[in-house]
Amino acid sequence: MAPYERPQATGIRVIIVGAGFAGLTAAIECHRKGHSVLLLESFPELKILGDIISFAPNSGRIFQRWPGVDAQLDPIIHKSDGLLMKTWRGDTLLKQTWSDEQRSYGKAYNGHRGEIHEIVYRHALDIGVDIRLGHKVEDYFETDSEAGVIANGEKFVGDVVMAADGVRSKGRTIVLGYEDKPKSSGYAIYRTWFDSAKLAEDPDTAWLVDNGDKHCAWLGTDIHFIAASVKGGKDFSWVCTHKDEADVKESWQAHAPLADARKVLEGWDPIVQKILDATPDPLIDWKLVYRDPLPTWVSPKRRIALIGDAAHPFLPTSIQGASQAMEDGATMAVCLSKGGKSNVQQAVAAFEGLRYERVRAAQKTGEKTRDTWHKANWEEAKKNPESMKLKREEWLLNFDAEEYAEKNYAATVALLNDTVAVRELNIPFPSEVLASA
């Protein structure tokens, strides 16, 4: 039984492809709004895999709307008071703290991807979302009156389909009218997660795991290394973003020997070397996939929409990829409620109107942060360490996607016939600005 009262059923049949954070959020939020939801996932079972993932306050408030979820997440998330920044040689630049941000913007949730995912997945099942694992979607289709997918040779039909199946989404082909292959961004990430016992035993690294969680970044030319302890210092995770010109193949996420990271980080701070010494072999080698901004996320008949990474992959330095994926799901649920069953196509178009420019602006923050860190003059950075801070802007973090969609749906619909004019404004909130003009 659902732990909250659902509104009256809207009669809108929603099919969601992919049970990542974009798909699960869309499923939970659509269920909350009274839509009928079917979520199809290709994996036969969902395992607790992965390493660190970050959800900023703009998505944290979505978690907090789901009864019981915050209480389950709180014990497993990272709880340091800030990020200590160092040069690649180990010189301390500054410590950027989060206490004022948390008071102003709300709670962030940073922790193990698989552990957080399992809690969200179980919540979706508990409230009654129909999730079918082992259903590989082979094709998408739409008409003026319906949309659907073919999975395992079976046809599934609904009023709207959300493709949340990641950077290799098959839904992109029907939306764009051509196959859009990912390419290398020029960067990749070594990443890992392990027990911190060895670090605790070494006096030189114990400070990273003793007396609560710690968060530290070492910055160098075209490389940055970020380490974090979690669960009161019990677990440890690090990621290393580095140059990588390799082609993006089907195995774009693969294992790499620890020796590869040692080569990249040769000559770095001795503390970094000791962290590597404590790291189990192998690592995950995650190629950062790049795609040019899509001209649209919506299919020609406006019955299929791309959400999450399928629509807009993010650089990790934005610290917004997962958050924007969750905002997509919350926004679409509101749009479908506002439009109703007879105006699903209008609702799908309004979803894109509400989201497109905000997402593009959020993506830009990742590019700016990466360039600030990777192209720094280190002597100048030591003189002006504030210049290295992560930009933590109110427009991005102090935002409620559900509330924003509720307030701006009507104004966005009114502008749907003039999308080009909206796009050319090049601002994060076109509908809000134009609605108040």
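Computed from a predicted structure; not experimentally measured.

(A) Molecular detail of the overall build of the chain. Along its length, the chain carries 16 helices and 18 strands. In terms of overall dimensions, the chain is globule-like: its C-alpha atoms have a radius of gyration of 22 Å, near the 22 Å expected for 437 residues. Buried positions account for 56% of the 437 residues belonging to the chain. Relative to all contacts within the chain whose residues are 6 or more apart in sequence, the contacts with residues 24 or more apart total 75%. When the 54 positive and 63 negative side-chain charges of the chain are each reduced to one mean point, those points stand 1 Å apart.

(B) Representation of the sheet that holds strand 8 (residues 137-142). Pairing in this open sheet of three strands is antiparallel, and the strands run 8-9-10 from one edge to the other. The open sheet has two free edges, formed respectively by strand 8 and strand 10 (154-158), since each of these has just one partner strand. Pairwise comparison of adjacent strand axes, ignoring direction, gives a mean angle of 20° for this sheet. For strand 9 (residues 147-151) and strand 10, the ladder comprises five bridges, and the chain directions are antiparallel. For V149, the partnering residue across the bridge sits in strand 10 and is F156.

(C) Local environment of the nonpolar core. F63 and L336 are the most contacted members of the largest nonpolar core, which totals 85 residues. Not counting residues up to four positions away in its chain, the partners in contact with L336 are I12, V14, C30, H35, V160, M162, V344 and A347. Residues F194, C216, W238 and A261 belong to the second largest nonpolar core, which totals 25 residues.

(D) Spotlight on the packing of helix 1 (residues 21-32) against helix 5 (residues 113-126). At a minimum axis separation of 10 Å, helix 1 and helix 5 run at an interaxial angle of 25°. Looking at the two axes, helix 1 sits roughly parallel to helix 5. For the crossing formed where helix 1 meets helix 5, the hand is left-handed. Taking contact as the criterion, the partners of F21, L24 and I28 in helix 1 are, on helix 5, R113, I116, H117, V120, Y121, H123 and A124.

(E) View of the pattern of salt bridges. The final tally for this structure, using the stated rule, is 37 salt bridges. A salt bridge links R370 to D371; the nearest nitrogen and oxygen atoms lie 3.5 Å apart. The class for D371 is partly exposed, based on a relative accessible area of 28%. K382 is the partner of E379 in a salt bridge, and the nearest nitrogen-oxygen pair spans 3.5 Å. Here E379 pairs with K382, and both are found in helix 12 (residues 378-383), just three residues apart, close to one helical turn. One connected set of salt bridges, linked through shared partners, spans E29, R32, K33, R65, K338, D400, E402 and E406.

(F) Representation of the environment of S229 in the model. Mapped onto the elements, S229 comes out in strand 14 (residues 223-230). For the pair formed by S229 and I174, sequence separation is 55 residues and the distance between their alpha carbons is 43 Å. Every residue in contact with S229, bar those within four places of it in the chain, is listed here: H78, L208, V209, G212, D213, K214, D235 and F236. Within the structure, S229 has its side chain in polar contact with the backbone oxygen of L208 (distance 2.7 Å).

(G) Looking closely at the packing of aromatic side chains. In total, this model carries eleven aromatic pairs according to the counting rule given. Pairing F63 with W66 gives two aromatic rings, centres 5.7 Å apart and planes at 80°, and the pair type is edge-to-face. Assigned by exposure class, F63 and W66 land together as buried. Taken together, a centroid distance of 5.7 Å and an interplanar angle of 55° make the contact between F194 and F236 tilted. Highlighted residues: F194 in strand 12 (residues 183-195) and F236 in strand 15 (residues 235-243), separated in sequence by 42 residues. For the residue pair F194 and F236, the accessibility class agrees, reading buried in each case. Chaining the aromatic ring pairs together yields one cluster made of F21, F55, F63, W66 and Y109. In this structure, R392 packs its charged tip against the face of W98, placed 5.3 Å from the ring centre.

(H) The arrangement of the sheet that holds strand 2 (residues 36-40) in detail. Strand order in this open sheet of five strands is 7-2-1-11-18, and the pairing throughout is parallel. Looking at the sheet topology across the chains shown, the edges are occupied by strand 7 (130-132) and strand 18 (304-306). Between one strand and the next, the sheet's axes are offset by a mean angle of 20°, whatever the strand orientation. In this sheet, strand 7 lies alongside strand 2 in parallel orientation, the contact comprising three bridges. Paired with L39 across the bridge in strand 7 is I131. Of the strands in this sheet, strand 1 (13-17), strand 2, strand 7 and strand 11 (160-163) touch helix 1, which is tilted by about 165° from strand 2.

(I) Quick look at the environment of T221. Along the chain, the position of T221 falls in the loop between strand 13 (215-220) and strand 14. In contact with T221, other than residues within four places in its own chain, are H374 and W378.

(J) The arrangement of the state of the cysteines in detail. In the structure shown here, the tally under the stated rule is zero disulfides. Of all cysteine sulfurs, the one in C216 lies closest to C240, which takes part in no disulfide; the gap is 13 Å. Looking at C335, it has no disulfide partner, and the nearest cysteine sulfur is the one in C30, 10.0 Å off.

Definitions and cut-offs
Within each chain, residue numbers correspond to sequence positions counted from 1 in written order. Residue-level local features of this predicted model are given only where pLDDT is at least 70; pairs of side-chain atoms are given and counted only at 80 or more, and the full residue set underlies all totals for whole chains, interfaces and linings. In computing side-chain properties, one takes all heavy atoms of the structure into account and sets aside hydrogens as well as water. Each helix is a run of DSSP H or I of at least 4 residues and each strand a run of E of at least 2, with the numbering of both proceeding from the N terminus. Just to be clear, the radius of gyration here is over C-alpha atoms, and the globule rule we use is 2.2 Å times residues to the power 0.38. Each residue's exposure class comes from its accessible area (1.4 Å probe, protein chains only) as a fraction of the maximum for that residue type: buried when under 20%, exposed when over 50%, partly exposed otherwise. Note on definitions: a residue-residue contact is assigned when non-hydrogen atoms from the two residues lie within 4.5 Å. When charges are tallied, Lys and Arg are placed among the positive residues and Asp and Glu among the negative ones, while His and the ends of the chain are skipped. To locate a charge, take NZ of a lysine, CZ of an arginine, CG of an aspartate or CD of a glutamate. We treat two strands as partners when DSSP finds at least two bridges between them. To obtain each axis, a line is fitted to C-alpha atoms, and for helices this fit is confined to the stretch in contact; angles are then taken between N-to-C directions over 0 to 180 degrees. Think of a nonpolar core as a cluster: buried Ala, Val, Leu, Ile, Met, Phe, Trp, Tyr and Cys residues, connected wherever their side-chain atoms sit within 4.5 Å. Our angle categories are set so that under 35 degrees counts as roughly parallel, over 145 as roughly antiparallel, 65 to 115 as roughly perpendicular, and the remainder as oblique. Crossing handedness is read from the near helix: turned anticlockwise from the far helix by less than a right angle, it gives a left-handed crossing, and turned clockwise, a right-handed one. A pairing counts as a salt bridge when a side-chain nitrogen of Lys or Arg comes within 4 Å of a carboxyl oxygen of Asp or Glu. Side-chain atoms alone can form a polar contact between residues adjacent in sequence; in general such a contact is a pair of N or O atoms within 3.5 Å, and within protein one must be able to donate a hydrogen while the other accepts it. Stacked, tilted and edge-to-face pairs are distinguished by plane angle, under 30 degrees for stacked and over 60 for edge-to-face with tilted covering the rest, among Phe, Tyr and Trp rings (Trp via its six-membered ring) whose centres lie within 6.5 Å. Any Lys NZ or Arg CZ that is within 6 Å of a ring centre and within 35 degrees of that ring's normal is treated as a charge sitting over the ring. In this description, a disulfide is simply a cysteine sulfur pair whose atoms lie within 2.5 Å.

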